[in-house]
Amino acid sequence: MSKFSDFNFKGHKAVVRVDFNVPLNDQFQITDDTRMTAAVPTIKKILADGGSVILMSHLGRPKDGPTDKYSLKHLVNHLIKLLDGVTVKFAADCIGEVAEKAAAGLQPGEVLLLENLRFYKEEEKGDKGFAEKLSKLGDVYVNDAFGTAHRAHASTAVMAEFYPADKRMFGLLMEAEVGNAEKVLHGAAKPFTAILGGAKVSDKILIIENLMEKANNIIIGGGMAYTFLKAQGKEIGSSLCENEKLDLALELLAKAKAKGVQLILPVDSVAADKFAADANTQTVSNDNIPAGWMGLDIGPKSVALFSETIQQSKTILWNGPMGVFEMKAFQNGTKSVADAIVLATAQGAFSLVGGGDSVAAVNQFGLAEKVSYVSTGGGAMLEFFEGKTLPGIAAVKA
Ligand SMILES: Nc1ncnc2c1ncn2[C@@H]1O[C@H](COP(=O)(O)OP(=O)(O)O)[C@@H](O)[C@H]1O
Ligand SMILES: O=C(OP(=O)(O)O)[C@H](O)COP(=O)(O)O
């Protein structure tokens, strides 16, 4: 593979896999553009050399092909702004004639944004034929999508093989993310606390076992906690739960105990009678969430419990909000955990926060400058910390 900063892109068409999986509101406005701004230096260097850039990304998890909600067209105007007015064209398809024509007509100094890769199921399947079609669009492959590096998908883990070794490389963001994570991985001061939350339960629950090898404490909040609570026989009402993962949750609790790792669960919740900003709410013990009510945030006792452990930690890894922080009524848990991390950081701990929504939360609270490092990767960062070689990284190096 080549080193990005040594490569002269003059006259080249670089296909750049970015992670533009940014949160959007109901009006399709970007509510946190961290992942887009993080890719700007890579794009600008290619353009400044006299090359052109073909950007490819996924957005969300579309299940049934093209849908307006998940279209990358919603990002075009903001991208033009971030790139100081350069020409950004949009191709309404990521492969085939539309994409090929647009890529072929691209002039040096111009950017082309392709439509959502996940509108094709071949992307997530890591389909070779699909990857080959994507690779036809440009002569250099740059992977700058750290947030998606843990996915063995066509654009992240398969495409690279269609390029000669000197025409594939990591972008500046990927280099910076990996460099930082490696520093922490090999020199993490103890106690090491990992904090997990959010909604991607089945993805991230598997990570917990491997994190037990590295972390002294694992705090579980957010939507992820209820699968554990239910596994312990508690009534969780209509809270988020992955019923197929109940046995696994029990196994993880037993393994943590055997290993002497503290696995800390919330003891209370702010429960709501519907998933809505104007829901009726009550603070309840996690022993007994009333039927029909759902836990949408951790409660005050959980905040105190989590904060105590966080404050005693020297290394803190955080992915996944403690509640539905996008709604004011359910943001206290996430905000309080962020505050505890900021305090520990001020006292000398190293803190790493990652993940699309976690970073959005930290930005919303104005705390991004007060943690040690903000990563664009959530699941990717966690898997990196398990010591795994991520598929998106392995493919470029191969
Ligand atoms: N108790 C909960 N019930 C339902 N959704 C939750 C709960 N707690 C957090 N969430 C949601 O989880 C989402 C973020 O999850 P995830 O994608 O795993 O995090 P990240 O993007 O930081 O990696 C947020 O949109 C948040 O509203
Ligand atoms: O948002 C992402 O990951 P994250 O939720 O771990 O931060 C990445 O864009 C990967 O998305 P995916 O988990 O749908 O594969």
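Residues numbered from 1 in each chain as written. Chains lettered and ligands numbered in written order. Predicted model: local features only at pLDDT ≥ 70, side-chain atom pairs only at ≥ 80, totals over all residues.

1. Focus: the UniProt feature "binding site: substrate" (unreviewed entry) in the protein
Defined as follows: UniProt positions are given in the numbering used here, feature names are shortened, and annotations may be inferred rather than shown by experiment. A run of DSSP states H or I qualifies as a helix once it reaches four residues; a run of E qualifies as a strand once it reaches two. Both are numbered from the N-terminal end. Once C-beta atoms are placed from the backbone, any two residues with those atoms within 7 Å are in contact. Comment: burial labels come from other C-beta atoms within 10 Å of the residue's own C-beta, placed from the backbone, where a count of 20 or more is buried, 12 or fewer is exposed, and between is partly exposed.
Here, UniProt's "binding site: substrate" (unreviewed entry) annotation points to Asp-19, Phe-20, Asn-21, Arg-35, His-58, Leu-59, Gly-60, Arg-61, Arg-118 and Arg-151. Positionally, Arg-35 belongs in helix α1 (residues 34–49). Excluding its chain neighbours within four sequence positions, the residues that come into contact with Arg-35 are Asp-19, Phe-20, Asn-21, Val-22, Gly-147, Gly-356 and Thr-376. Tracing the chain through its elements places Gly-60 in the loop between β2 (52–56) and α2 (76–82). Residue Gly-60 is classed as partly exposed on the basis of its 15 C-beta neighbours within 10 Å. Beyond its immediate stretch of four places on either side in the chain, Gly-60 contacts Asn-21 and Tyr-70.

2. So, the pairing of strand β10 (residues 268–272)
What counts is decided by this rule: Strands are labelled as partners when DSSP assigns at least two bridges between them.
Among the five residues that make up β10, five are buried, leaving the element largely enclosed by the rest of the structure. Along β10, one buried face is formed by Asp-268, Val-270 and Ala-272 and the opposite face, lined by Ser-269 and Ala-271, is buried too. Judged from the five bridges that link them, β10 and strand β11 (residues 281–285) form a sheet pairing that is antiparallel. If you follow Asp-268 over to β11, its bridge partner there is Ser-285.

3. So, the sheet that holds strand β4 (residues 111–114)
Cut-off, in case you're wondering: Interaxial angles span 0 to 180 degrees and are taken between N-to-C directions of axes, which are lines fitted to C-alpha atoms, for helices over the stretch in contact.
Overall, parallel pairing links the six strands, which are arranged β3-β4-β2-β1-β5-β6 in an open sheet. Both edges of this open sheet fall to β3 (88–91) and β6 (168–170), since each of them pairs with a single strand only. Between one strand axis and the next, the sheet turns through 25° on average, direction left out of account. Two elements, strand β5 (residues 140–143) and β6, share three bridges in a ladder whose sense is parallel. Bridging from a neighbouring strand, Asn-143 pairs with Phe-170 of β6.

4. Let's talk about the domain arrangement of the protein
Going by this rule: Residue ranges for the domains trace back to a domain assignment, done automatically or taken from a database. Each residue gets one of three labels, nonpolar for Ala, Val, Leu, Ile, Met, Phe, Trp, Tyr, Cys and Pro, charged for Asp, Glu, Lys and Arg, and polar for the others, Gly among them.
Its domain assignment divides the protein into domain 1 (4–173 + 393–397) and domain 2 (180–375). Averaged C-alpha coordinates put domain 1 and domain 2 at centres separated by 32 Å. The interface is formed by eight residues belonging to domain 1 together with five residues belonging to domain 2. In terms of residue class, the side of domain 1 that touches domain 2 is made up of two nonpolar, four polar and two charged.

5. Quick notes on the site of ligand 2
The test is simple: Using the backbone to place each C-beta atom, any residue with that atom within 6 Å of a molecule or strand is considered near it.
With respect to spatial proximity, the complete set of residues near ligand 2 consists of Asp-19, Asn-21, Arg-61, Gly-147, Thr-148, Arg-151, Lys-200, Gly-355, Gly-356, Gly-378 and Gly-379. Looking at which domains feed residues into the shell around ligand 2, each of domain 1 (4–173 + 393–397) and domain 2 (180–375) gives three or more.

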